[in-house]
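Listed below, chain by chain, are the residues.
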Amino acid sequence: MRDQAFAIYICFFLAEAGRAIHFVTVTWMIYYETEDPLVLGSLVGFGFLPSVLLMPWIGVIVDRWIHKHLVIIALLTSSGGMAVF
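This is a predicted model, so every value here is computed, not measured.

**Student:** Please give an account of the pattern of salt bridges that cites residues and values.
**Tutor:** When the charged atoms of two side chains lie near each other, side chains of opposite charge can form a pair. For the coordinates displayed, the defined rule picks out one salt bridge. The partner of glutamate 16 in a salt bridge is arginine 19, and the shortest N-O contact between them spans 3.2 Å. Of this pair, glutamate 16 and arginine 19 both sit in helix H1 (residues 2-34), three residues apart, which is roughly one turn of that helix. Residue arginine 19 is classed as partly exposed on the basis of its relative accessible area of 41%.

**Student:** I'd like a rundown of the packing of H1 against helix H2 (residues 37-64), residues and numbers included.
**Tutor:** Angle between the axes and distance between the axes: these two values describe a pair of packed helices. In contact at an axis separation of 9 Å, H1 and H2 are set at 150 degrees when each is read in the N-to-C sense. Viewed along their axes, H1 and H2 adopt a mutual orientation that is roughly antiparallel. At the point where H1 passes H2, the crossing takes the right-handed sense. Along its contact with H1, which presents Phe23, Thr27, Ile30, Tyr31 and Thr34, the element H2 presents Pro37, Val39, Leu40, Leu43 and Val44. Classifying every residue of the contact of H1 with H2 by side-chain character gives eight nonpolar, two polar and no charged.

Each value, and the rule that gives it
Residues numbered from 1 in each chain as written. Predicted model: local features only at pLDDT ≥ 70, side-chain atom pairs only at ≥ 80, totals over all residues. Heavy atoms only, no water. Salt bridge = Lys/Arg side-chain N within 4 Å of Asp/Glu carboxyl O. Helix = DSSP H or I, 4+ residues; strand = E, 2+ residues; numbered from the N terminus. Buried < 20%, exposed > 50% of the residue type's maximum accessible area, 1.4 Å probe, protein only. Axes fitted to C-alpha atoms, helices over the stretch in contact; angles between N-to-C directions. Parallel < 35°, antiparallel > 145°, perpendicular 65-115°, else oblique. Left-handed = near helix turned anticlockwise from the far one by under 90°. Contact = heavy atoms within 4.5 Å. Nonpolar A, V, L, I, M, F, W, Y, C, P; charged D, E, K, R; others polar.

In structure tokens:
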């Protein structure tokens, strides 16, 4: 059980590191292409908008479902989304 938890933590760490690298790369690319801080700020702000709007419902789901399954679903969804875009 302890090894399985460690593997999940490692996967989560790697997924978050990948997301951070993706975020920095995309913001640098946007600024490089537009050279406009307003465009960059608005796009980053719009990127956080879905999280802010969905938090009340996601919180209820997280409280009711098995956390292990949610972590796996979240990591797969995040990885799939980054692979597409």
